[in-house]
Amino acid sequence: MKKQLTYLPSVFKEFLRTCAESARAHHARIYLVGGVVRDLLLGRDVYDLDILVEGDAIRLAVAIARRRGMPVTRHKAFGTASFIFRGHKIDFAAARSETYLTPGSLPRVRKAGVTQDLSRRDFTINAMAVSLHPAEYGRLIDPCGGQEDLRRHLVRVLHSESFFDDPTRILRAIRFEQRFQFRMEAGTLFQLKRAVGSGALDTVHPHRIRDELILIMREKFPFRCLRRAGKLTGFGFLEPGVRCTPAAGRLLNRIQRLQSFFLRSFGARTEFRLWSVYFTAFLESLSLPQVEFLLEELGMDKRTRSDVRAARSLRARRRRLKAPVLSDDELYEFLHQFPLEAVAYVYAYSTNGRLRRRIRRFIDTLSHIRLRIRGRDLQRLGVTPAHLYGKILRSVLRQKIKKGFRTKEEEERYALGVAERLSRQWASGGRKKGKNS
Ligand code: CTP
């Protein structure tokens with residue numbers, strides 16, 4: 001695979017050469033493994049690297065990272081370590097074999113060679129490695145026929161108990177099948193259905209289910225995966241009532257069509273999470289108490305919970321956005337209290353022309369308006385007390401939206417007026433309190 005390795009971004013090529021040198025110095029052999037190899041063979045872009053080490057992966061990762069002054073995250077129990085190199089995640093793992101004691105549980109791990117390591121993996125297309133060892137640089141190690149399955153567009157497990165060993169592979173199989181528009185090999189599909197039928201997914205810890213669901217929502221076309229997952233699993237392993245209904249399907253599809261618009265509008269300036277918009281849409285068939293229960297059970301993080309709640313709340317209050325008259329500052333005031341994910345969700349949800357035009361105005365224009373003045377300008381102007389700064393700046397922003405201030409001076413003048421009014425109110429409030437006490 002020497003040719004494919006030349007397709008790697010140059011930042012990686014130089015980096016991998018130094019990794020191989022360090023490995024040699026540590027008497028270890030290293031390989032690129034898993035998804036990277038698959039993606040290189042498919043000619044797809046590679047963002048993160050998985051490096052398999054025959055030897056001590058943690059020591060090697062620490063030595064490589066130290067030379068560049070990069071902090072390392074270590075997982076001693078798993079013999080793995082990772083660091084971020086120029087924005088790319090680099091994972092180091094010691095080659096190992098795995099034995100599953102009970103279905104769905106975490107496996108017992110032992111040191112092994114590269115071939116044994118590959119044979120514990122999920123699908124043939126993910127069970128390939130490329131040697132980076134100088135003496136055999138670029139040699140493809142493909143003991144399970146992954147290259148052939150890539151050619152035939154097949155997702156195939158390595159053995160019949162694979163889905164029982166690790167039932168999250170049921171969702172992974174669907175994800176890869178839909179991402180690459182492959183097919184599930186007949187025996188694999190049979191084993192998948194057998195595992196689903198015997199409730200294998202019910203044995204998985206909800207947090208692992210959550211992680212797989214998030215990976216699905218992060219796909220380029222989540223709806224395809226969810227539709228297929230609905231057909232194959234019926235989502236029986238989630239809260240009863242979760243279904244990919246036609247309404248949810250239409251909504252997921254609309255989000256999919258709008259995704260480049262959302263990413264263009266929000267992606268660059270905040271940590272906008274498109275996947276949480278998809279996730280909210282996926283829960284469409286559930287009532288709010290059912291949603292709350294599921295989020296709790298999955299152990300969803302605080303931010304996602306509040307995104308989902310906010311989206312539901314904005315949806316319930318969306319009539320406000322259909323009012324015959326709604327000024328820009330009122331529109332801003334109403335929408336800016338919701339996370340952008342909730343705004344995106346309701347934009348995709350609603351087909352009402354007026355409502356969509358208003359959300360569009362918020363997304364395209366109002367949400368970009370920023371003040372020229374900051375707290376330090378108020379300080380320079382001698383405004384006191386400082387705890388009123390937030391309130392003053394919010395009031396200037398509303399007025400800027402209303403009046404369209406163009407210069408910093410206009411903002412400052414207005415801020416001084418607000419400050420005077422507020423500090424007078426504050427002082428008289430303080431005096432009153434003083435009198436009463
Ligand atoms: N793997 C596995 N069984 C799992 C999860 C992972 O065998 N349940 C193996 C596969 O070989 C996989 C590799 O670990 O390729 C890395 O896992 P992950 O990063 O989840 O998969 P990628 O193939 O890199 O997927 P993606 O392209 O979505 O990043």
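Residues numbered from 1 in each chain as written. Predicted model: local features only at pLDDT ≥ 70, side-chain atom pairs only at ≥ 80, totals over all residues. Heavy atoms only, no water.

### So, the overall build of the protein chain
Broken down by element type, the protein chain carries 21 helices and eleven strands. Counting only C-alpha atoms, the protein chain reaches 80 × 50 × 45 Å along its principal axes. Across the 437 residues in the protein chain, those meeting the buried criterion constitute 50%. Surface accessibility of the protein chain: about 21900 Å² in total, with carbon and sulfur atoms responsible for 50%. (Helix = DSSP H or I, 4+ residues; strand = E, 2+ residues; numbered from the N terminus. Buried < 20%, exposed > 50% of the residue type's maximum accessible area, 1.4 Å probe, protein only. Areas by Shrake-Rupley, 256 points an atom, 1.4 Å probe, with all protein chains shown as cover.)

### A short note on the sheet that holds strand E2 (residues 49–54)
Spatially, the seven strands line up as an open sheet ordered E3-E4-E5-E2-E1-E8-E9, and their pairing is mixed. Every other strand in the sheet has two partners, leaving strand E3 (73–75) and strand E9 (140–141) as the edge strands with one partner each. Seen against the sheet, helix H3 (residues 35–42) touches strand E1 (29–33), E2, strand E8 (129–131) and E9 and runs at an angle of roughly 60° to E1. (Pairing = 2+ DSSP bridges. Contact = heavy atoms within 4.5 Å. Axes fitted to C-alpha atoms, helices over the stretch in contact; angles between N-to-C directions.)

### Some details on the side chain of Glu212
Relative to the elements of secondary structure, Glu212 occurs in helix H10 (residues 206–217). When residues no more than four places from it in sequence are discounted, the contact partners of Glu212 are Thr168, Leu171, Arg172 and Arg175.

### Description of the domain arrangement of the protein chain
Splitting the protein chain by domain gives domain 1 (1–149), domain 2 (153–217), domain 3 (246–368) and domain 4 (375–436). Taken over C-alpha atoms, the centre of domain 1 sits 23 Å from the centre of domain 2. At the junction of the two partners, domain 1 supplies 20 residues and domain 2 supplies 21 residues. Surface buried jointly by domain 1 and domain 2 totals about 1700 Å² across both partners, of which 57% is contributed by carbon and sulfur atoms. Where domain 1 touches domain 2, the interface holds two salt bridges. A salt bridge links Arg156 to Asp149; its shortest N-O distance comes to 2.8 Å. At the junction of domain 1 with domain 2, the criterion picks out six residue pairs in polar contact (both at pLDDT 80 or more). (Domains from an automatic or database assignment. Buried area = accessible area lost by both parts, 1.4 Å probe. Salt bridge = Lys/Arg side-chain N within 4 Å of Asp/Glu carboxyl O. Polar contact = N/O pair within 3.5 Å; in protein donor to acceptor, adjacent residues only side chain to side chain.)

### Some thoughts on the site of the ligand
Neighbouring the ligand are 14 residues; Arg38, Asp122, Asp166, Arg172 and Arg179 lie closest to it. Take Gly35: an N or O atom from its main chain is 3.3 Å from an oxygen atom of the ligand. Here an oxygen atom of the ligand sits 2.7 Å away from a polar atom, N or O, in the main chain of Asp122. Considering the ligand on its own, with 570 Å² of exposed area, one finds that the protein chains cover 70% of that surface. Going through the elements one at a time, H3 and helix H8 (168–180) are the ones with two or more residues in the shell around the ligand. With six residues, the single largest contributor to the shell around the ligand is H8. (Near = heavy atom within 4 Å.)

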